[in-house]
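Working through the structure, step by step
Each chain, written out:
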Amino acid sequence: MRYLVILIALVALTGCVTGPVAETYNLQKIHGDEAHKLAEVATRQTMARYSSSMASAWRKWKRHEAKVKALKPSGSLTPEQAQIWAAKQGDTLVKGAEERDDLLNELDTKRALELEDINKLYANQMVVLASIVKGWAIQGKITSGQMAGWMEVAKFGAVAYIENRNAKRLRREAEEAAAREAEAEEG
Amino acid sequence: MDQEQFEKELKQFDDLAEEFKNELANVDRGSTDEQIAATKPRDPELVKKDAAKHEAAAEESALAEARAYMDSAKAIISTLAAASAAG
């Protein structure tokens, strides 16, 4: 009789282990979505791509500018023709410079926007991951596999961080190069 | 220079402008608006709130589990005490 009572009590205790579970929030899904976005942006190699495009736009402009400046009439011009020629040359250069600036501005705006998004994704990831791991710790549910997962995902954040840092460097270098070119032009 | 030849040569500027326009069009313009929209992060403040809710829920769940253990332990002790008194 005594053993039967103990057995019933043990069965009741086991039932309580899987008993009431408080409502949980689907942070894992948020974490998965944000990690996916972060990986996608990193795969696009956002910052290197924009720097390369901006440099390309500058190179194309320099070539165009040289061609326009080098264009000479095949014969002698009347004073009026010379005036028209000079005005046309100046106008072509101004329009070209405007088109160049439009493109550079578009690229710069997109780069800044994506950089900001990468920063936010990274910060979100860190908040979500810290919260998930803290939740596991509170509940005593952390396993080595989950810890490995944490480390793996943290790498996404690190990649974005490094890319961000590189982007700042590349941007500074591009700006310095542009300033040097402008100075050389003026000189 | 006669006017016809002059206008012909002047047109070279338009040709160069067109060529430059095409070259700029070939520059990689980076991510499309759709790509940027698809990778838009959640509002960081909302993420923080969700994270706080998650932690509170985990805590509540752990407390509920602990309480259940305590209740069961008490039940076992009183059952054993009753059985012992009866036996």
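Coordinates for the structure precede this section.
What comes next is a walk through the structure. For every chain, the first residue of the written sequence is number 1, and numbering continues from 1 along that sequence. Working convention: letters from A go to chains and numbers from 1 go to ligands, in the order in which they are written. The predicted nature of this model means local features are confined to residues of pLDDT at least 70 and side-chain atom pairs, given and counted, to a pLDDT of 80 or more, with totals for whole chains, interfaces and linings taken over all residues. To get the side-chain values, take all heavy atoms of the structure and skip hydrogens and water.

**Digging into the interface of chain B and chain A**
At the interface, 53 residues of chain B touch 67 residues of chain A. By buried area we mean the combined loss of accessible area, with a 1.4 Å probe, across both parts when two parts are placed together. Together, the buried faces of chain B and chain A total about 5,700 Å²; carbon and sulfur atoms form 64% of this surface. The rule for a salt bridge is simple: a side-chain nitrogen of Lys or Arg has to be within 4 Å of a carboxyl oxygen of Asp or Glu. Inspection of the chain B/chain A interface yields 8 salt bridges. We note a salt bridge from Glu-23 of chain B to Arg-63 of chain A, for which the minimum N-O separation is 3.9 Å. Of all the secondary structure elements, the ones that give two or more residues to the side of chain B that touches chain A are helix 1 (3-25), helix 2 (33-38) and helix 3 (44-86) of chain B. Each helix is a run of DSSP H or I of at least 4 residues and each strand a run of E of at least 2, with the numbering of both proceeding from the N terminus. When residues of the side of chain B that touches chain A are assigned to their parent elements, the largest contribution, 23 residues, is made by helix 3 of chain B. Note on residue categories: nonpolar means Ala, Val, Leu, Ile, Met, Phe, Trp, Tyr, Cys or Pro, charged means Asp, Glu, Lys or Arg, and polar means any other residue, Gly included. Its residues placed into classes, the side of chain B that touches chain A shows 23 nonpolar, 12 polar and 18 charged. Two residues qualify as a contact provided that any one of their heavy atoms is within 4.5 Å of a heavy atom in the partner residue.

**Side note on the layout of surface pockets**
Empty space among the atoms can be located by rolling a probe the size of a water molecule over them. Only protein atoms enter the 1 Å grid, on which a cavity is a set of points fitting a 1.4 Å probe that cannot get out and a pocket is an open set with protein on both sides within 12 Å along at least 5 of 7 lines, lining residues being those with an atom within 4 Å of a point. Grid points are joined across faces, edges and corners, and a volume is the space filled by probe spheres set on the points. The calculated volume of the second largest pocket comes to roughly 170 Å³. Lining the second largest pocket, in full, are His-64, Lys-88, Asp-91, Thr-92, Lys-95, Gly-96 and Glu-99 of chain A together with Asp-14, Ala-17, Glu-18, Phe-20 and Lys-21 of chain B. Among the elements of the structure, helix 4 (79-139) of chain A together with helix 1 of chain B are those that each provide at least two residues to the lining of the second largest pocket. Top contributing element to the lining of the second largest pocket by residue count: helix 4 of chain A, with 6 residues. For the lining of the second largest pocket, the residue count by class is 2 nonpolar, 3 polar and 7 charged.

**Focus on empty space enclosed by the protein**
Within this structure, the stated rule accounts for 1 cavity of 30 Å³ or more. One number sums up the size of the largest cavity: a volume of about 40 Å³. Every residue along the wall of the largest cavity is listed here: Lys-60, Arg-63, His-64 and Lys-67 of chain A together with Leu-16, Glu-19, Phe-20 and Glu-23 of chain B. Mapped onto the lining of the largest cavity, the elements with two or more residues apiece are helix 3 (46-70) of chain A together with helix 1 of chain B. Looking at the lining of the largest cavity residue by residue, the classes come out as 2 nonpolar, 1 polar and 5 charged.

**Structural notes on the nonpolar core**
By nonpolar core we mean a set of buried residues, namely Ala, Val, Leu, Ile, Met, Phe, Trp, Tyr and Cys, connected to one another through side-chain atoms within 4.5 Å. Categorising residues by exposure relies on relative accessible area from a 1.4 Å probe, with only protein chains included: less than 20% of the type maximum marks a residue as buried, more than 50% marks it as exposed, and the intermediate range marks it as partly exposed. Among the nonpolar cores identified, the biggest contains 19 residues, and Trp-85 and Leu-103 of chain A together with Phe-13 of chain B are the most heavily contacted of them. Breaking this core down by element, the ones donating at least two residues are helix 3 and helix 4 of chain A together with helix 1 of chain B. In this structure, Leu-103 of chain A is in contact with Ala-57 of chain A together with Leu-24, Val-27 and Arg-29 of chain B, ignoring residues within four places of it in sequence. Core analysis: the next-biggest nonpolar cluster, separate from the first, contains 8 residues, Ile-30, Ile-132 and Val-133 of chain A together with Ala-51 of chain B among them.

**A few points about the packing of aromatic side chains**
Pairs were defined over the aromatic rings of Phe, Tyr and Trp, the Trp ring being its six-membered one, requiring ring centres within 6.5 Å. Orientation was assigned from the angle between planes: stacked under 30 degrees, edge-to-face over 60, tilted for the rest. The full count for this structure, using the stated rule, is 3 aromatic pairs over all chains. With a centroid separation of 6.3 Å and 45 degrees between ring planes, the pair formed by Trp-85 of chain A and Phe-6 of chain B is classed as tilted. With Trp-85 of chain A in helix 4 and Phe-6 of chain B in helix 1, the pair connects residues from two separate chains. Of the residues examined, Trp-85 of chain A reaches a relative accessible area of 6% and is grouped as buried. Judged by relative accessible area, which is 1%, Phe-6 of chain B ranks as buried. Criterion for a charge above a ring: Arg CZ or Lys NZ at most 6 Å from the ring centre, at most 35 degrees from the ring normal. The aromatic ring of Trp-61 of chain A is capped on one face by Arg-100 of chain A, whose charged end is 4.7 Å from the ring centroid.

**Topic: the environment of Lys-37 of chain A**
Turning to its location among the elements, Lys-37 of chain A is positioned in helix 2 (residues 27-43). Assessed through its relative accessible area of 14%, Lys-37 of chain A is described here as buried. Once the C-alpha coordinates of Lys-37 of chain A and Asp-117 of chain A are considered, the two residues, 80 residues apart in sequence, prove to be 9.7 Å apart. In this structure Lys-37 of chain A touches Leu-121 of chain A together with Ala-38, Thr-39, Lys-40, Pro-41 and Arg-42 of chain B, once residues within four positions along its chain are discounted.

**Some remarks on the packing of helix 3 of chain A against helix 1 of chain B**
The description of two packed helices rests on the angle between their axes and on the distance between the axes. Where helix 3 of chain A contacts helix 1 of chain B, the two axes come as close as 10 Å, and the packing angle between them is 175 degrees. Compared by their axis directions, helix 3 of chain A and helix 1 of chain B come out roughly antiparallel. Within the contact between the two elements, helix 3 of chain A uses Ala-57, Lys-60, Trp-61, Arg-63, His-64, Lys-67 and Val-68 of chain A and helix 1 of chain B uses Phe-13, Leu-16, Ala-17, Glu-19, Phe-20, Glu-23 and Leu-24 of chain B. In terms of residue class, the contact of helix 3 of chain A with helix 1 of chain B is made up of 8 nonpolar, 1 polar and 5 charged. Helix axes use the C-alpha atoms of the stretch in contact, all axes being lines fitted to C-alpha atoms, and the angles between their N-to-C directions lie in the range 0 to 180 degrees. Angles below 35 degrees are treated as roughly parallel, those above 145 as roughly antiparallel, those between 65 and 115 as roughly perpendicular, and all remaining angles as oblique.

**Description of the pattern of salt bridges**
Applying the stated criterion across every chain yields a total of 18 salt bridges over all chains. Through salt bridges with shared partners, a single ionic network connects Asp-33, Glu-34 and Lys-37 of chain A together with Arg-42 of chain B.

Geometry only, nothing functional implied.
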